[in-house]
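Each chain is listed here by its residues.
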Amino acid sequence: MDNLRKININDMPRAFKFFLALLPALGLFLIKSTLDNDFYFLYPTGQYIIENGFPVKDFLSMHTNMNIVVQQWLTDVIFYFIYSRLGEVGMLAFVFICYAAFCFVMYKLLMLITENHFVSCCVAFFADIVMAVMFMVTRPQSMTFILIALELYCLEKYVKTKSVKPLFVLPFISLLIINLHCSMWLMIFVFALPYVAAALPFKFKKIKQEPCCNIVPLLICGAVCFALGFANPYGLKAITYIFSSFGIKDFNSNIVEMLPPSMSSSTGKIYFALLFVMLALIIGLRKNNYTTRFVLLFAGTALLGLLNVKSISYFIIGCSAAFAYYLKDCTFSLNITQGKRTAKDKRRLAVIVLIFAVFIAGVCVYSALNPEKTVNYESSEEADAYGDMDKICEILEKEEDEIILYTGFNYGQYMEFKGYHPYIDGRAELFLEKNNGDFDYFTEHINTKSGEIYYKDFLNKYNFNYIIIDKNTEKLLENELSHDRDYELVYGSEATSLYKTNN
């Protein structure tokens, strides 16, 4: 009679573990396969820096009196070198590499926290896929995510080993983020706060906290990281830029990624689902065994996600670390027969793994052959808009007079990429007077779209001779111009219109 033997899933053969660890590779088929809209101002900025040095006045839009702080100068230069040599394929490959690096660091972080391979793989897989679908694009954030996850790994390593060596990496992370993506530089301190709090001795009635580590090296490291924040071409301006860029009503309400998450969007649904599941785990699974750093890491990043959609990416990172910790004691076992049927069991397991692998491969092939079915595929409206812009450029190239061009928030950077100098572009914070020291073009743009500023007064102020209208967001302007005899429709589609003055 055969005997049954229970095998912990973490004791399965290496091939099975390796297969689990490779599952996040599925995310490569879900990453947006086109350039992000922001790329079109990142690339020319990198080119300008290489050829002319760091700018202090804007050189892309028509407003040359605006002061400028390039928040991601190092990213711009990297993107310029890649795209100028390898084109769009090179940029997509770069995002793939960033995603692979993020997956690796996340897995190492979760394994350090849990020492449970199966839990680490499952949590990492979910986090990686969500990040691939929603946040891995040709923006500096693709590198920032890696560095934030690496910071958590170093902090957790310090707690576990009590060796200060992992902390030596953090100043380099600070130096990189302030130059790659300075608006997110403060995040390194946000993610360090839970560890600082956990390093403090605390006693309140029956509640007592033993420090998880020595706080002195953490504070010294934090001071060094802060000092290195000034090691950027714009000094203090780069550090304080974020404080004058947010909190403005018109700004927050008109930038999608600055809006709070909503249940009407897929991003909001994912956020609130994670929030609910994590709260249930914290309350249910661990009972009174709360660990300060993971509770605060979850609570702090959850608050960030609640403030705006952009910060949900950081909630995914923080939530995954906390999620893995509260699942670290979960074990799963399989019943394997001993004796004559051992070989049969191995073959059965091999068949199951093979079927699963074929299924996953099929999903990948289907996604590759049918990109319009994938979540992050560029919508037909976006594709049509870029096609419209190319046709408009062909028309503008034939113009012999100086072109004074109006574009809205969505099309400006693409026209800058093509060599034109429009009224406004996607660098929304730059067009706030607090930042540019010249004029609040952003509010003027919003008020013109809404009709608070009479369109004719606005157009005459700048003497535009060509006006590009986004029909999805500038319906009022489209309606006014279509009935104005002073303007002629030169090009029109379902998404875009190009008008020229008759003067």
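Let us look at the structure shown here.

Cut-offs applied
- Residues numbered from 1 in each chain as written.
- Predicted model: local features only at pLDDT ≥ 70, side-chain atom pairs only at ≥ 80, totals over all residues.
- Heavy atoms only, no water.
- Helix = DSSP H or I, 4+ residues; strand = E, 2+ residues; numbered from the N terminus.
- Buried < 20%, exposed > 50% of the residue type's maximum accessible area, 1.4 Å probe, protein only.
- Contact = heavy atoms within 4.5 Å.
- Areas by Shrake-Rupley, 256 points an atom, 1.4 Å probe, with all protein chains shown as cover.
- Phe/Tyr/Trp six-rings, centres within 6.5 Å; stacked < 30°, edge-to-face > 60°.
- Axes fitted to C-alpha atoms, helices over the stretch in contact; angles between N-to-C directions.
- Parallel < 35°, antiparallel > 145°, perpendicular 65-115°, else oblique.
- Left-handed = near helix turned anticlockwise from the far one by under 90°.
- Nonpolar A, V, L, I, M, F, W, Y, C, P; charged D, E, K, R; others polar.
- Pairing = 2+ DSSP bridges.
- Arc of directions from axis to C-beta.
- 1 Å grid on protein atoms, 1.4 Å probe; cavity = no way out; pocket = protein on both sides within 12 Å on 5 of 7 lines; lining within 4 Å.
- Points joined across faces, edges and corners; volume = space filled by probe spheres on them.
- Patch = residues over 30% accessible without salt bridge, like charges linked within 9 Å, V, L, I, M, F, W, Y side chains within 5 Å.
- Salt bridge = Lys/Arg side-chain N within 4 Å of Asp/Glu carboxyl O.
- Polar contact = N/O pair within 3.5 Å; in protein donor to acceptor, adjacent residues only side chain to side chain.
- Expected span 1.5 Å × (residues − 1).

**Topic: the overall build of the chain**
Consideration 1: When you go through the chain residue by residue, the secondary structure sums to 20 helices and eight strands.
Consideration 2: Residues classed as buried in the chain amount to 51% of the 503 residues present.
Consideration 3: Once local pairs closer than 6 in sequence are excluded, the contacts in the chain between residues at least 24 apart make up 71%.
Consideration 4: Entry remark: accessible area of the chain is about 24500 Å², with carbon and sulfur atoms responsible for 61%.

**Considering the packing of aromatic side chains**
Consideration 1: Within this structure, the stated rule accounts for 43 aromatic pairs.
Consideration 2: A connected cluster of aromatic rings, assembled from ring pairs, spans F39, Y40, Y43, F79, Y80, F81, Y83, F94, Y414 and F417.

**Considering the packing of helix α5 (residues 141-161) against helix α7 (residues 187-198)**
Packed helices, taken two at a time, are described by the angle between their axes plus the distance between the axes.
Consideration 1: At their nearest, the axes of α5 and α7 sit 10 Å apart, and the two run at 25° to each other. As far as their axial angle goes, α7 and α5 are roughly parallel. As α5 packs across α7, the resulting crossing turns out to be right-handed. On α7, the residues that touch I148, E151, L152, L155, E156 and V159 of α5 are M187, I188, F191, A192 and Y195.
Consideration 2: Residue composition of the contact of α5 with α7, by class: nine nonpolar, no polar and two charged.

**Some points on the packing of helix α3 (residues 73-114) against α5**
Consideration 1: Interaxial distance between α3 and α5 falls to 8 Å at its minimum, and their mutual angle equals 25°. Taken together, the axes of α3 and α5 are roughly parallel relative to one another. α5 is crossed by α3, and the crossing has left-handed handedness.

**As for unusual backbone geometry**
Consideration 1: Located in the positive-phi region is E115, a residue other than glycine, with phi close to 55°.
Consideration 2: Relative to the elements of secondary structure, E115 occurs in the loop between α3 and α4 (117-134).
Consideration 3: You can call E115 exposed: its relative accessible area is 65%.
Consideration 4: In this structure, N463 is a non-glycine residue whose phi angle is positive, near 55°.
Consideration 5: Structurally, N463 is set in the loop between α19 (455-462) and β6 (466-470).
Consideration 6: The exposed category is assigned to N463, whose relative accessible area is 54%.

**Structural notes on the pairing of β6**
Consideration 1: Here β6 lies mainly inside the structure; five of its five residues are buried.
Consideration 2: In this sheet, β6 lies alongside strand β5 (residues 405-406) in parallel orientation, the contact comprising two bridges. When the sheet's bridge partners are listed, L405 is paired in β6 with Y466.
Consideration 3: With five bridges joining them, β6 and strand β8 (residues 496-501) adopt antiparallel strand pairing. Residue pairing across strands places I467 opposite Y499, the latter belonging to β8.

**Thoughts on helix α20 (residues 475-482)**
Consideration 1: L477, E478 and L481 are the residues of α20 that are buried. Seen along its axis, α20 keeps its buried residues to an arc of 100°; they face one direction.
Consideration 2: Those residues of α20 that are buried are in contact with β5, α18 (441-450), α19, β6, β7 (487-492) and β8.

**Section: the environment of M415**
Consideration 1: Note that M415 resides in helix α16 (residues 412-417).
Consideration 2: Classification of M415 by relative accessible area gives buried; the value is 0%.
Consideration 3: Separated by 23 residues in sequence, M415 and I392 have C-alpha atoms that sit 9.5 Å apart.
Consideration 4: Excluding anything up to four places from it in sequence, M415 contacts M389, C393, L396, L405, T407, Y420 and I468.

**Description of the sheet that holds β5**
Picture the strands of a sheet paired through backbone hydrogen bonds; they go either parallel or antiparallel.
Consideration 1: Pairing within the open sheet is mixed, and its four strands lie in the order β5-β6-β8-β7. At either margin of the open sheet sits one strand with a lone partner, and together these are β5 and β7.

**Here's the deal with empty space enclosed by the protein**
Consideration 1: Counted according to the given criterion, the structure contains one cavity of 30 Å³ or more.
Consideration 2: Taken as a whole, the largest cavity holds about 60 Å³ of empty space.
Consideration 3: Surrounding the largest cavity, V123, F126, L274, I316, C319, S320 and F323 form its lining.
Consideration 4: For the lining of the largest cavity, the secondary-structure elements that each account for two or more residues are α4 and α13 (312-327).
Consideration 5: Per-element tally for the lining of the largest cavity: the top contributor is α13, with four residues.
Consideration 6: A class-by-class count of the residues in the lining of the largest cavity yields six nonpolar, one polar and no charged.

**Describing a nonpolar patch on the surface**
Consideration 1: A surface patch of nonpolar side chains, about 240 Å² in accessible area, is lined by V216, I220 and V224.
Consideration 2: Relative to the helices and strands, V216 resides in helix α8 (residues 215-228).
Consideration 3: Judged by its relative accessible area of 46%, V216 falls in the partly exposed class.

**Some points on the side chain of H181**
Consideration 1: Structurally, H181 can be placed in the loop between α6 (170-180) and α7.
Consideration 2: Among the polar contacts made by the side chain of H181, one reaches the side chain of T144 at a distance of 2.9 Å.
Consideration 3: Beyond its immediate sequence surroundings of up to four residues, H181 is in contact with Q71, Q72, P140, Q141, T144 and Y314.

**A short note on α8**
Consideration 1: Taking 1.5 Å as the rise per residue, α8 with 14 residues should run 20 Å; its terminal C-alpha atoms sit 20 Å apart, in good agreement.
Consideration 2: Of all the positions in α8, only I215, P217, L218, C221 and C225 are classed as buried. One side of α8 holds all its buried residues, which, seen down the axis, span an arc of 155°.
Consideration 3: Lining the buried residues of α8 we find α5, α6 and α7.
Consideration 4: For α8, the N-terminal capping position is held by N214, with its side-chain oxygen 3.1 Å away from the main-chain nitrogen of V216.

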